[in-house]
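Okay, here's what each chain looks like letter by letter:
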Amino acid sequence: MIKRVLAGIRKSVFVLLTTAAFFACASQSPLTQAPSLTDHAASSERDVAGIQNIPNKCSTIGNPCVAPGVKIPPGTILGAHPVIGRGTVLGERITIGDNVIIGSWVAINTGATLGNGVIVGDGSRIENDAKIGNHVILGSNVVIGSGAVVGDRCVIGRGALVQDDASIGAATDIAEDGYVPPGSRIAAHSVVATVHPEL
């Protein structure tokens, strides 16, 4: 019962945070018109994800806003209004949805999929064929293992490790430094406070 209440409170907080707009692309380019409030995640959500740096210059709305030196491999499916921070490495055949914000020094490996409105914190790693649902927040230095599935509206705390082939139901909160073992099945609306055994 307590876990359900905590999860509900936390989700309510994140809904309130979305009332502020993220204007990074538009504010850096005099050629662009500011996007609507729903175009980007709130700056408070970026703080939760641990994103420190975003590209200094952005192109027109609807085109990628990608930091210098970041390469978009052939076959990448890139949605509208993405923001990709410096030092990030993208693998082949990945899919990135609309309004996705990817921090700096992130690795997204071959075949991974990110839904709409995803925020990926600095230093995180998404392994091969992992699937991230819509409006998911990954904190900094999170690892999502190969073949893992993260449902819509989940919040994965910084430093968390989701092992290979794990499945996390929608609207689940994983605590900072949380640990989800390989092949685990986590029900929707859960709260996982288990810490990695090596910590």
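Quick notes on the overall build of the protein
No. 1: From N to C terminus, the protein includes three helices and 21 strands.
No. 2: Residues classed as buried in the protein amount to 49% of the 199 residues present.
No. 3: The contacts in the protein between residues at least 6 apart in sequence include a share of 19% that link residues at least 24 apart.
No. 4: On the protein, roughly 9,400 Å² of surface is accessible, and the fraction owed to carbon and sulfur atoms is 55%.

Re the sheet that holds strand 9 (residues 119-120)
Pairing between the strands of a sheet is mediated by backbone hydrogen bonds and can be parallel or antiparallel.
No. 1: The eight strands are arranged 1-3-6-9-12-15-18-21 in an open sheet whose pairing can be described as parallel. Either end of the sheet is taken by a strand with one partner, and the two such strands are strand 1 (65-66) and strand 21 (191-192).
No. 2: As paired elements, strand 3 (residues 83-84) and strand 6 (residues 101-102) share two bridges and run parallel to each other. Following the sheet pairing, I84 is matched in strand 6 by I102.

Here we look at the nonpolar core
No. 1: Residues I102, I108, L114, I126, I144, I156 and I168 are the most contacted members of the largest nonpolar core, which totals 33 residues.
No. 2: Among all residues touching I156, those that are not within four sequence positions of it are I137, L138, G139, V142, V150, I168 and I174.

Some points on unusual backbone geometry
No. 1: Of note, H135 is a non-glycine position whose phi angle comes to about 55 degrees, a positive value.
No. 2: One non-glycine residue, R153, adopts positive backbone phi at about 65 degrees.
No. 3: Position of R153 relative to the elements: it lies in the loop between strand 14 (149-150) and strand 15 (155-156).
No. 4: We classify R153 as partly exposed; its relative accessible area is 43%.

Examining the sheet that holds strand 20 (residues 185-186)
No. 1: What the seven strands build is an open sheet, ordered 2-5-8-11-14-17-20; its pairing is parallel. Two strands close off the open sheet at either side, each with one partner strand: strand 2 (77-78) and strand 20.
No. 2: Pairing of strand 17 (residues 167-168) with strand 20, which is carried by two bridges, proceeds in the parallel orientation. Each residue of the ladder has a partner; that of S167, found in strand 20, is R185.

A closer look at the confidence of the model for the protein
No. 1: The pLDDT averaged across the protein works out to 78; a share of 67% of its residues lies at or above 70.
No. 2: Every residue in residues 11-41 is under pLDDT 50, and counting partners more than four places away or in other chains gives 58 contacts.
No. 3: Counted against residues more than four places away or in other chains, residues 55-62, with its pLDDT under 50, gives 24 contacts.

Some words on the pattern of salt bridges
No. 1: Summed over the entire model, instances satisfying the criterion amount to three salt bridges.
No. 2: In this structure, E176 engages R158 in a salt bridge whose closest nitrogen and oxygen atoms are separated by 3.9 Å. Taken as a pair, E176 in the loop between strand 18 (173-174) and strand 19 (179-180) and R158 in the loop between strand 15 and strand 16 (161-162) lie far apart in primary sequence, 18 residues in all.
No. 3: Under the relative-accessibility criterion, R158 is labelled partly exposed at 34%.

Notes on the side chain of S190
No. 1: Along the polypeptide, S190 turns up in the loop between strand 20 and strand 21.
No. 2: Ignoring anything within four residues of it in the chain, the contact list for S190 reads A171, T172 and D173.

Conventions and cut-offs
Within each chain, residues carry numbers counting from 1 in the order of the written sequence. Per-residue local features of the predicted model are confined to residues with pLDDT of at least 70, and side-chain atom pairs are confined, for both listing and counting, to 80 or more; whole-chain, interface and lining totals are unaffected and use all residues. Think of the side-chain values as coming from all heavy atoms in the structure, minus any hydrogens and water. In this description a helix means any DSSP run of H or I spanning at least four residues, a strand means any run of E spanning at least two, and both kinds are numbered starting from the N terminus. Between buried and exposed lies partly exposed: a residue is buried under 20% and exposed over 50% of the maximum accessible area for its type, with that area taken using a 1.4 Å probe on protein chains only. Working rule for contacts: check all heavy atoms of both residues, and any pair within 4.5 Å makes them a contact. Using a 1.4 Å probe, the Shrake-Rupley method yields the accessible areas, and only the shown protein chains count as cover for residues. Only strands joined by at least two bridges in the DSSP assignment are considered to pair. Residue types Ala, Val, Leu, Ile, Met, Phe, Trp, Tyr and Cys, when buried and joined through side-chain atoms within 4.5 Å, form a set referred to as a nonpolar core. pLDDT is defined as a per-residue confidence score from the predictor, taking values between 0 and 100. Salt-bridge detection follows one rule: a side-chain nitrogen of Lys or Arg within 4 Å of a carboxyl oxygen of Asp or Glu.

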